[in-house]
Amino acid sequence: MAEATIGRPTPQRLSLWARIDNNRTVLGLCMMLPAGALLLVFLSYPLGLGVWLGLTDTTIGRKGGFIGLENYELLFDDSVFWLSVFNTFLYTVVASAFKFALGLWLALILNNRLPFKALLRAIVLLPWIVPTVLSAIAFWWIYDSQFSIISWSLQRLGLIDQYVNFLGDANNARAAVIAANVWRGIPFVAICLLAGLQTIPQSLYEAAVLDGASEWQRFRCVTFPLLTPIIAVVMTFSVLFTFTDFQLIYVLTRGGPFNATHLMATLSFQRAIPGGQLGEGAAIATAMVPFLLAAIIFSYFGLQRRRWQQGAAND
Amino acid sequence: MIRLRRPVDEGGMHHLSTLPQRVVTIYLPLAVFLIVLLFPFYWMGLTTLKPNEEMLNLQDFNPFWVENPTLAHIKKLLFETAYPAWLWNTMLVAVVSTFISLFCAVLAAYAIERLRFKGARATGMAIFLAYLVPPSILFIPLATMVFKLGIFDTKLALILTYPTFLIPFCTWLLMGYFRSIPYELEECALIDGATRLQILVKIMLPLAVPGLISAGIFAFTLSWNEFIYALTFISASQNKTVPVGVITELVEGDVYHWGSLMAGALLGSIPVAIFYSFFVEHYVSSMTGAVKE
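With that out of the way, let us pick up the overall build of chain B. When helices and strands are counted, chain B shows 15 helices and two strands. Against the 2.2 N^0.38 benchmark of 19 Å for 293 residues, chain B shows a C-alpha radius of gyration of 25 Å, more extended than a compact globule. Once the C-alpha set of chain B is aligned to its principal axes, its extents read approximately 80 × 75 × 35 Å. If you take every contact in chain B between residues at least 6 apart in sequence, the share linking residues at least 24 apart comes to 72%. When the accessible area of chain B is evaluated, it comes to approximately 12600 Å², of which 69% is carbon and sulfur surface. Counting 18 positive and 19 negative side-chain charges, chain B places the centres of these two groups 12 Å from one another.

As structure tokens, this is what we get:
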């Protein structure tokens with residue numbers, strides 16, 4: 001780096017601004033100030049405050065005192081909490097698996113020579129950009145117990161006799177919210193993986209074809225290994241967002257029927273805001289942190305591996 | 001490694017495969033994907049235009065079509081509810097927080113990527129980690145803070161909290177863009193006596209316009225999408241955003257006004273959809289770029 005003083009003939013009396021301008025560290029910190037201040041005040045501080053609140057018995061309207069791990073002890077004996085943990089894992093694992101499989105499939109399809117490719121890509125992304133709450137309302141109507149279009153169609157096709165109680169039955173409700181989540185998540189996975197697919201050089205496939213590799217072998221031995229790093233990152237994001245999902249459940253079931261679809265995020269909201277138990281809600285939210293950390297560490301190593309594959313050239 | 005089995009045959013390169021094969025392996029699944037992905041939107045639009053008697057009578061009317069389209073649901077939504085106010089609130093909050101975030105992110109990204117001050121790498125990593133902190137673990141402590149600051153139930157609460165998830169993303173994205181601009185341009189300007197601020201405004205920003213647009217669109221759609229903060233921090237009807245208003249105010253007891261609900265969902269989706277359609281290439285590149293960085 002050229003030093004900033006090179007072009008200045010009179011170094012003796014610099015104004016304050018010029019001196020700041022010359023010192024990269026001071027200037028850098030000044031420029032970090034707006035972002036840093038906002039993030040420290042509204043992100044780091046509340047993160048710590050949340051952990052602290054989880055150790056108090058604060059309720060809405062009353063400043064609570066420190067009660068140690070009592071909230072966590074209560075939660076430990078709370079079957080609803082454990083049910084929400086189970087639901088969260090079920091929801092995350094099943095939804096992510098479907099998102100990955102279908103997203104990869106869609107990406108492979110879109111990677112072919114197709115007419116109107118740009119338009120197709122734009123259409124595919126629509127579910128992702130439309131506000132979740134608003135598309136969830138459409139799903140709510142699609143899952144309506146009396147007027148569901150799915151039930152109507154299945155009945156007309158003679159596959160069922162009675163309308164399906166989508167959101168009223170525990171397992172149906174779980175399947176229904178997972179389906180809605182998958183619907184919304186496929187575009188993100190597909191478009192990101194498509195971008196990854198397009199970076200794989202065509203020559204590798206040509207070489208594989210010359211070696212007599214079948215389509216499946218080309219996928220397994222060329223596409224998949226080269227795609228692994230980006231899959232790791234995309235799926236970490238996907239898992240992270242699914243694990244902490246709130247909107248979809250809030251709109252479709254509010255955790256019902258009988259807490260069968262409560263996730264940790266919705267339970268934490270339920271206890272903290274309508275229930276008023278801020279301390280307990282914060283404890284549930286804090287209980288999500290270890291899992292998130294695990295996902296982040298996984299993502300970090302995914303990124304590292306990618307950098308290593310690229311020859312560490314870009315840093 | 002790949003085993004050599006038989007000469008190039010049925011698989012072939014993609015463009016060599018026959019048409020019927022392509023129909024089965026590509027076009028058919030693609031069509032199914034598109035139908036499933038688009039059906040909820042079709043359903044939203046259809047229900048918006050359907051008169052109630054058609055909607056609730058599945059015996060005499062084909063539910064997949066509308067025979068007597070009506071604008072009654074939209075009219076009810078626009079003139080009998082606070083929907084226009086919600087639209088305005090959402091727009092205002094999204095635009096203001098997007099601009100705040102872009103301003104902060106440009107400065108931060110330039111500092112991290114180009115000034116390389118002491119601790120720049122660690123700061124970059126911290127920004128990335130900040131992006132991974134989900135709103136669902138922050139909303140309770142933020143609610144208590146918002147209350148203490150006396151900005152509960154105001155748009156300011158949302159304008160101040162939305163940048164927490166916008167800044168990290170925008171910064172990360174812009175860092176990638178700044179990285180692609182050659183150092184030489186900056187060095188020339190430094191030799192000519194330009195200050196860092198001049199370099200940023202006159203050289204870097206004009207070159208990073210595509211990045212700014214990407215970050216802006218992404219920030220806008222994310223703010224438009226936001227739900228949990230708006231649900232927690234806002235209680236008065238006239239201050240609500242579209243997602244919160246639709247879900248809390250249009251549902252009255254057990255009577256669901258599906259027509260107006262769908263109209264609300266549709267009208268709330270259209271602004272982002274239009275905005276997005278103009279810049280779809282930027283959006284895609286920002287999304288994939290951010291994942292790849």
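Before going further, it helps to spend a moment on the domain arrangement of chain A. According to the domain assignment, chain A consists of domain 1 (16–53) and domain 2 (70–309). Spacing between the C-alpha centres of domain 1 of chain A and domain 2 of chain A amounts to 34 Å.

Moving on: the confidence of the model for chain A. All names here are of chain A. Averaged over all residues, the pLDDT of chain A equals 85, while 90% of them reach at least 70. Overall, residues 1–7 carries pLDDT values under 50, and its contacts beyond four positions in sequence, including any with other chains, amount to 10 contacts. Low pLDDT (under 50) marks residues 311–315, which in the prediction has four contacts with non-local residues, meaning those over four places away or in another chain.

With that settled, the discussion passes to the environment of Tyr250(A). Mapped onto the secondary structure, Tyr250(A) falls in helix H11 (residues 247–252). Taking the relative accessible area as the measure of exposure, Tyr250(A) reaches 12% and is therefore buried. Along the backbone, Tyr250(A) and His262(A) are 12 residues apart, and their C-alpha atoms lie at a distance of 8.9 Å. Once residues within four sequence positions are removed from consideration, Tyr250(A) is found in contact with Thr266(A), Phe269(A), Phe227(B) and Leu231(B).

To continue, consider the state of the cysteines. Per the counting criterion, the structure on display carries zero disulfides over all chains. The thiol of Cys104(B) is not disulfide-bonded; the next cysteine sulfur, from Cys170(B), is found 9.7 Å away.

With 32 residues, helix H4 (residues 79–110) of chain A extends 45 Å between its outermost C-alpha atoms, agreeing within 8% with the 46 Å of an ideal straight helix rising 1.5 Å per residue. Sitting at the head of H4(A), Asp78(A) places a side-chain oxygen 2.9 Å from the backbone nitrogen of Val80(A).

Facing the 118 residues of chain A at the interface are 113 residues of chain B. Approximately 10400 Å² of surface area, both sides summed, lies buried where chain A meets chain B, with 78% of it carried by carbon and sulfur atoms. Its largest share of buried area at the contact with chain B, chain A owes to Met31(A), Phe42(A) and Trp141(A), together 8% of the area lost on that side. Counting the contacts that link chain A with chain B gives zero salt bridges. In this assembly, chain A and chain B are joined by seven residue pairs in polar contact (both at pLDDT 80 or more). Looking at the side of chain A that touches chain B, the element that brings in the most residues is helix H2 (residues 24–53) of chain A, giving 20 residues.

The next thing to look at is the domain arrangement of chain B. Residues and elements named next belong to chain B. One can read the domain layout of chain B as domain 1 (14–70) and domain 2 (77–292). Summarising the inter-unit geometry, the C-alpha centres of domain 1 and domain 2 are found 33 Å apart. Taken together, the contact pairs five residues of domain 1 with seven residues of domain 2. Taken together, the two surfaces of domain 1 and domain 2 that pack against each other cover about 520 Å², and 83% of this comes from carbon and sulfur. Contact with domain 2 buries surface across domain 1, with Met44, Thr47 and Thr48 losing the most and accounting together for 72% of the total. The interface formed by domain 1 and domain 2 contains zero salt bridges. Top element by residues in the side of domain 1 that touches domain 2 is helix H1 (residues 19–49). It accounts for four residues. Of the residues belonging to the side of domain 1 that touches domain 2, the class tally is two nonpolar, three polar and no charged.

The next subject is the nonpolar core. Formed by 188 residues in total, the largest nonpolar core has its most connected members in Leu106(A), Ile137(A), Tyr143(A), Leu252(A), Phe178(B) and Tyr229(B). The element that contributes the greatest number of residues to this core is helix H8 (residues 170–198) of chain A, accounting for 15 residues. Here Ile137(A) is in contact with Val251(A), Val246(B), Ile247(B), Trp258(B), Leu261(B) and Met262(B), once residues within four sequence places are set aside.

Calculation notes
- Residues numbered from 1 in each chain as written.
- Chains lettered and ligands numbered in written order.
- Predicted model: local features only at pLDDT ≥ 70, side-chain atom pairs only at ≥ 80, totals over all residues.
- Heavy atoms only, no water.
- Helix = DSSP H or I, 4+ residues; strand = E, 2+ residues; numbered from the N terminus.
- Rg over C-alpha atoms; globule rule 2.2 N^0.38 Å.
- Contact = heavy atoms within 4.5 Å.
- Areas by Shrake-Rupley, 256 points an atom, 1.4 Å probe, with all protein chains shown as cover.
- Lys, Arg positive; Asp, Glu negative; His and termini not counted.
- Charge placed at Lys NZ, Arg CZ, Asp CG, Glu CD.
- Domains from an automatic or database assignment.
- pLDDT = per-residue confidence, 0-100.
- Buried < 20%, exposed > 50% of the residue type's maximum accessible area, 1.4 Å probe, protein only.
- Disulfide = S-S within 2.5 Å.
- Expected span 1.5 Å × (residues − 1).
- Polar contact = N/O pair within 3.5 Å; in protein donor to acceptor, adjacent residues only side chain to side chain.
- Buried area = accessible area lost by both parts, 1.4 Å probe.
- Salt bridge = Lys/Arg side-chain N within 4 Å of Asp/Glu carboxyl O.
- Nonpolar A, V, L, I, M, F, W, Y, C, P; charged D, E, K, R; others polar.
- Core = buried A, V, L, I, M, F, W, Y, C linked by side-chain atoms within 4.5 Å.

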